[in-house]
Amino acid sequence: MKISADMPLEPIMDRMGAQGTSLAEAEAMRAVLARDHAGVDVTAVPEDQWLAALGQMELVKDTGNEGMR
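The present account deals with the structure reproduced in this document. (Residues numbered from 1 in each chain as written. Predicted model: local features only at pLDDT ≥ 70, side-chain atom pairs only at ≥ 80, totals over all residues. Heavy atoms only, no water.)

1. Comments concerning the environment of glutamine 56
Among the secondary structure elements, glutamine 56 is positioned in helix H3 (residues 47-63). Between the C-alpha atom of glutamine 56 and that of alanine 24, which follows or precedes it by 32 residues, the distance is 13 Å. (Helix = DSSP H or I, 4+ residues; strand = E, 2+ residues; numbered from the N terminus.)

Take a look at the structure:
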């Protein structure tokens, strides 16, 4: 599924590990991915970039600020 700000959360949760991922984490990750990887398939984001996005997701989740870098 292509990354966008309004994409469903399921593909993100699947890649993050649905069992251990909260909706808040998936929503924050979607915001980060939409900002940095819009139009790319969720499964096509390289592992190093995915891990960097996870770090950004934690900042967004903790601060509520999508502009954190």
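2. Here we look at the side chain of histidine 37
Along the polypeptide, histidine 37 turns up in helix H2 (residues 23-37). When residues no more than four places from it in sequence are discounted, the contact partners of histidine 37 are Ile3, Val45 and Gln49. (Contact = heavy atoms within 4.5 Å.)

3. Observations regarding the nonpolar core
By size, the foremost hydrophobic cluster in this structure holds 14 residues, and its most contacted members are Ile3, Ile12, Met29, Leu33, Val42 and Trp50. Mapped by element, the contributors of at least two residues to this core are H2 and H3. Considering every element that reaches this core, the biggest residue donor is H2, with 5 residues. Excluding anything up to four places from it in sequence, isoleucine 3 contacts Leu33, Ala34, His37, Ala38, Gly39, Val40, Asp41, Val42 and Val45. (Core = buried A, V, L, I, M, F, W, Y, C linked by side-chain atoms within 4.5 Å. Buried < 20%, exposed > 50% of the residue type's maximum accessible area, 1.4 Å probe, protein only.)

4. A short note on H3
Across its 17 residues, H3 extends 24 Å between first and last C-alpha, which sits within 8% of the 24 Å expected from 1.5 Å per residue. Looking at H3, one finds that the buried residues are Trp50, Ala53, Gln56, Met57 and Val60. For H3, the angular spread of buried residues about the axis comes to 120°, placing them on one side. Facing away from the buried side of H3, by more than 90 degrees, are the exposed residues Asp48 and Asp62. Looking at the buried side of H3, the elements it contacts are helix H1 (10-16) and H2. (Expected span 1.5 Å × (residues − 1). Arc of directions from axis to C-beta.)

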